[in-house]
Amino acid sequence: MFEDQRPTPSPWPLVAAAIVAMTLWRIGAAALLPVTQDEAYYLDWAHHLAWGYFDHPPGVAAFGLGTLIAAGEPLAARLGALLASTLTLVVLARFYFNCGLVRRDDLGLALVLAFGSVVGLAGGILITPDAPLALAWALTLHESERALAGQRRRWLTAGLAAGLGLLGKYHMTMIGPILLWAIIRTDLRALRTPWPYLGGGLAVLLFSPNLLWNFHHDWMTLRFQFGHGFALDTGTLIADGASAAAAAIQRWSPGSLGERALNLGEYLGIQLGLWGLLAAPLLALPFLWVRHRLARTAGTGPVIADHARPLLLAATLFPIGFFALVSLGSAVMANWPAMYLLAAPALLAPGLRGLRRWVIGGAALNLLLVSLLVVQAATAVLPLPDSANRVLRETHGFRALAGIAKGLDIPVYADRYQLIAQLRFYAPELKTGQWPGLARQSEYLVGQIAPRVTPQTQAGPFWIVTERQSPPELSGFRNTLQGTFFDCAGAPLAESTVPPCAAPLHEWHFYRYE
C-alpha cells in the first residue's frame, strides 16, 4: 500500500507550550503558598552560606538566595526552586527525546507524567534539597545518555552534574551504581577509556569542599544522615551539655517479620500514592499490556533506543529497590526514592498511548487538587476536616506569631528548629535561637547561622516559645509568667486561656524565665 508521506510534526512547540504553562502555574502557586516549616529552615541557611550544614550539604542554601531580595516573601524565596524546576523540565524533554521519544504524542505524554504527579507539582514549588537534586539528576541522566550513545567525553559533564548533585543532597550517590550498570550493559569498552573515571574524579572534586567541611565538623552531616536514614546510633552530634535529650533523633526499626512486611507494603503504597490520580492508568497498564500488547501495537516497533534502555531501567528500579530494602530495617521518608520519577516517564509513555486521556485527566485532577491545597494554605476558606489540614499546620499563623515575638523587649528562644525558622523568616531582625536540650538538635545549635544559645551564660530574663502544655524545666531558671495564643483557621492569632475554635491549628505558649 501507499506509504504515508506526511511529515512528522515537531514535538518542540508542544513541549515549549507545556513547560511555559507549567512554569506560570508554579509561579502563581509559589506566590500564594506561605513557606512551610522546613522551607523556612533551609531559607535561613541562605543568609549564612557555607559548604555544609547540620542536616544537608549546601545546595539548598544557594537555591534560597532569593529570600535576600524580599524578606518574608514566599515568591522571592522560591525563585531558585522555580528556575531549577523549569530547567529540569527542559533537560528532561531533551533527555526523553534522545532516548527515543521523538513522536510528539510520546514526548508530550512523558512530560505530563513527569510534572503531573504529586511530587512533580509540589516539588516544582518548594525550596528543599530535592530541588537541586532533581536538576542535577536530570542533567546527569542527559549527559550519561549522550556518553552511552557514543560521545564518551560526555562522561566529564555527567561527572560535573553528579558532583553538583552531591552538593545538593547525598542521595545523588545512588547515581553511581546506576551509571556503572548502564555502562556494563551498553558500552563496556568505555571502561577501557579514561572518560568515565575522569568524570567520577570531577564529581568527587566538586563534592570535596563539603567533605572537607564535614571533616572539620566531626562528620556531622554524614553522621546525621546515616543515623536518620538507617536508624543507626551515630553518637552525639553536637556537645551542648544536654545531649541525651537534644540528640533524640526520631529512629524506628521494625522488629518482627510481620512489621517488616507491613513497613515494606506501606512504603510501596506511598510510592504509588506519589503519582496521585495518575496511579489509575499506571495500575491498568500491566493488564492492558498483556491483553493488547500496547507496547507493540500502538507504534511501529520498539520506541526506547537500545543504548538508553539499561540506563532508564536502572534509574527507575534502583532507587525504588534500594529504599525497599531500607524499609525492612527502618522508616523511609516518602521523597527519598523520588528520583525514579524522572526516568520512569520515558519507560511508561509508549505503553500508555492508549490511555492518553486517562493520563491527561489524572494529571489535570492532580493539578486541581494541589491548586486547592495552595488556595487553602493561603486563605483557609475550604471547610476541610481537621485531619486534612496539614498544609495549614505547616504554614498558618507564623507571620502573626513572629510579629508578637518581635514586640517583646527581651530575648525570645524556642524549642523546635521549625518554629525558630518561621520566626526568623518573618522577622529576620529577631535574634532568636534554639534552647538546647528541649528537642532534636539542628543547625541552630552549631552556631553557624545564628548565635548559639548557652544557658550557662544567659544573664537576663527571656521567653521560651513552644507548643508544650506546661513550662519546660530549665536548670537554674524559674518560670515567672506565661501566655497562650491559639491559631485557628481563617482567624487572627488570639491570646486566650481557652481555645476560641473547635480545632486550633496551633497552641503556642510563651513562658518567661528569670
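A quick note: this is a predicted structure, and the numbers were derived from the prediction, not measured.

A.B. asks: Where do I start with the pairing of strand E3 (residues 462–466) in this structure?
C.D. replies: Every other side chain in a regular strand lies on the same face of the sheet, so the side chains alternate between the two faces. Within E3, 5 of the 5 residues are buried, leaving the element largely enclosed by the surrounding structure. In this sheet, E3 lies alongside strand E1 (residues 412–414) in parallel orientation, the contact comprising 3 bridges. Counted as the bridge partner of Ala414 is Val465 from E3. For E3 and strand E6 (residues 506–513), the ladder comprises 5 bridges, and the chain directions are antiparallel. Opposite Ile464, over in E6, you have Tyr511 as the bridge partner.

A.B. asks: Help me out: how do you make sense of the packing of aromatic side chains in this one?
C.D. replies: Describing an aromatic ring pair means giving the distance of the ring centres and the angle of the ring planes. The full count for this structure, using the stated rule, is 25 aromatic pairs. Judged by centre distance (5.1 Å) and plane angle (80°), the rings of Phe462 and Phe477 are edge-to-face. Remark: Phe477 occurs in the loop between E3 and strand E4 (479–487) and Phe462 occurs in strand E3; sequence separation between them is 15 residues. With relative accessibility at 0%, the residue Phe462 sits in the buried group. Its relative accessible area of 16% is what places Phe477 among the buried residues. Pairing Phe462 with Tyr513 gives two aromatic rings, centres 5.6 Å apart and planes at 15°, and the pair type is stacked. Separated by 51 residues along the polypeptide, Phe462 in strand E3 and Tyr513 in strand E6 bring together distant segments of the chain. Cluster of aromatic residues (ring-pair linked, three or more members): Tyr41, Tyr42, Trp45, Tyr53, Tyr417 and Tyr444.

A.B. asks: Looking at this structure, I do not really get the nonpolar core. What am I missing?
C.D. replies: For soluble globular proteins, nonpolar side chains are generally found buried alongside one another. Of all hydrophobic cores here, the largest spans 89 residues; its most connected members are Tyr96, Trp137, Trp275 and Leu352. Formed by 45 residues, the second largest nonpolar core is a distinct cluster that contains Val60, Ala402, Leu423 and Leu430.

A.B. asks: Teacher, can you tell me more about the sheet that holds strand E2 (residues 433–434) here?
C.D. replies: Strands pair in a sheet through their backbones, by hydrogen bonds, and they do so in one of two ways: parallel or antiparallel. An order of E2-E1-E3-E6-E4-E5 is seen for the 6 strands of this open sheet, with the pairing classed as mixed. Edge positions in the sheet fall to E2 and strand E5 (494–495), since each of these pairs with one other strand and no more. Summarising the sheet, E4 and E6 pair through 8 bridges and their orientation is antiparallel. Directly across from Gln482, in E6, lies its bridge partner Tyr511. Contacting E1, E3, E4 and E6, helix H21 (residues 398–406) runs over the sheet at an angle of about 15° to E6.

A.B. asks: I'm lost on the packing of helix H5 (residues 79–98) against helix H8 (residues 130–148) in this one. Help?
C.D. replies: Helix-helix packing: each pair is described by the crossing angle between the helix axes and the interaxial distance. The N-to-C vectors of H5 and H8 enclose an angle of 20°; their axes lie 9 Å apart at closest approach. Considering their axes alone, H5 and H8 lie roughly parallel with respect to each other. The two elements H5 and H8 meet at a crossing, and its hand is left-handed. Where H5 abuts H8, its residues Ala81, Ala84, Leu87, Thr88, Val91, Leu92, Arg94, Phe95 and Asn98 lie against Ala131, Ala134, Leu135, Ala138, Leu139, Leu141, His142, Glu145 and Arg146. Within the contact of H5 with H8, the residues separate by chemical class into 12 nonpolar, 3 polar and 3 charged.

A.B. asks: Looking at this structure, how should I read helix H11 (residues 195–216)?
C.D. replies: One turn of the α-helix equals 3.6 residues, which is why residues spaced by three or four share an orientation. Here H11 contains 22 residues, and its C-alpha end-to-end distance of 32 Å stays within 8% of the 32 Å for a straight helix at 1.5 Å per residue. In H11, a bend of some 45° at Ser208 exceeds every other bend along the element, and Pro209, a proline, comes one to four places later. Buried within H11 we find Pro196, Gly199, Ala203, Phe207, Asn210, Trp213 and Asn214. Positive phi appears at Asp218, one or two residues downstream of H11, with a value of about 60°.

A.B. asks: What am I meant to see in the state of the cysteines here?
C.D. replies: Where two cysteines share a covalent bond between their sulfur atoms, that bond is called a disulfide. Under the defined criterion, the tally for this structure stands at 1 disulfide. Here Cys488 connects covalently by a disulfide to Cys501, the sulfurs 2.0 Å from one another. Here the disulfide of Cys488 and Cys501 is left-handed, its torsion about the S-S bond being about -85°. Of this pair, Cys488 sits in the loop between E4 and E5 while Cys501 sits in the loop between E5 and E6; the two residues are 13 residues apart in sequence, bridging distant segments of the chain. Owing to a relative accessible area of 6%, Cys488 belongs among the buried residues under this scheme.

A.B. asks: Would you mind going over the pattern of salt bridges with me for this structure?
C.D. replies: It is possible for side chains of opposite charge to pair when their charged atoms get near one another. Applying the stated criterion across every chain yields a total of 14 salt bridges. A salt bridge links Arg440 to Asp55; the nearest nitrogen and oxygen atoms lie 2.6 Å apart. On the criterion of sequence distance, the pair formed by Arg440 in the loop between E2 and E3 and Asp55 in the loop between helix H2 (37–45) and helix H3 (59–63) is long-range, its members being 385 residues apart. The residues Arg440 and Asp55 share a single accessibility class, namely buried. Through salt bridges with shared partners, a single ionic network connects Arg103, Asp106 and Arg353.

A.B. asks: Help me understand the side chain of Thr466, please; the structure alone is not making it clear to me.
C.D. replies: One can find Thr466 in strand E3. We classify Thr466 as buried; its relative accessible area is 1%. Contacts of Thr466, omitting those with residues within four sequence positions, involve Asp415, Leu419, Glu507, Trp508, His509 and Tyr511.

A.B. asks: Looking at this structure, I do not really get a nonpolar patch on the surface. What am I missing?
C.D. replies: Where nonpolar side chains cluster on the molecular surface, the patch consists of Val20, Leu24, Ile27, Ile69, Leu75 and Leu79 and spans about 530 Å² of accessible area. The element best represented in the nonpolar patch is helix H1 (residues 12–32), accounting for 3 residues. For Val20, the location among the structural elements is in helix H1.

A.B. asks: Honestly, the packing of H2 against helix H22 (residues 417–426) in this entry has me stumped. Any pointers?
C.D. replies: The N-to-C vectors of H2 and H22 enclose an angle of 65°; their axes lie 8 Å apart at closest approach. It follows from the interaxial angle that H2 and H22 lie roughly perpendicular. Crossing angle aside, the handedness with which H2 passes H22 is left-handed. Facing Gln37, Asp38, Ala40, Tyr41, Leu43 and Asp44 of H2, the residues of H22 in contact are Tyr417, Gln418, Ala421, Gln422, Arg424 and Phe425.

A.B. asks: Looking at this structure, I do not really get the environment of Ile69. What am I missing?
C.D. replies: Tracing the chain through its elements places Ile69 in the loop between H3 and helix H4 (74–77). Given the relative accessible area of 64%, Ile69 is considered exposed. Each C-alpha atom of the pair Ile69 and Leu79 lies 10.0 Å from the other, and the pair is 10 residues apart in sequence. Each residue touching Ile69, except ones within four places of it in the same chain, is listed here: Ala76 and Leu79.

Parameters at a glance
Residues numbered from 1 in each chain as written. Predicted model: local features only at pLDDT ≥ 70, side-chain atom pairs only at ≥ 80, totals over all residues. Heavy atoms only, no water. Buried < 20%, exposed > 50% of the residue type's maximum accessible area, 1.4 Å probe, protein only. Helix = DSSP H or I, 4+ residues; strand = E, 2+ residues; numbered from the N terminus. Pairing = 2+ DSSP bridges. Phe/Tyr/Trp six-rings, centres within 6.5 Å; stacked < 30°, edge-to-face > 60°. Core = buried A, V, L, I, M, F, W, Y, C linked by side-chain atoms within 4.5 Å. Contact = heavy atoms within 4.5 Å. Axes fitted to C-alpha atoms, helices over the stretch in contact; angles between N-to-C directions. Parallel < 35°, antiparallel > 145°, perpendicular 65-115°, else oblique. Left-handed = near helix turned anticlockwise from the far one by under 90°. Nonpolar A, V, L, I, M, F, W, Y, C, P; charged D, E, K, R; others polar. Expected span 1.5 Å × (residues − 1). Bend = angle between axes of the 7 residues up to and from the residue. Disulfide = S-S within 2.5 Å. Salt bridge = Lys/Arg side-chain N within 4 Å of Asp/Glu carboxyl O. Patch = residues over 30% accessible without salt bridge, like charges linked within 9 Å, V, L, I, M, F, W, Y side chains within 5 Å. Areas by Shrake-Rupley, 256 points an atom, 1.4 Å probe, with all protein chains shown as cover.

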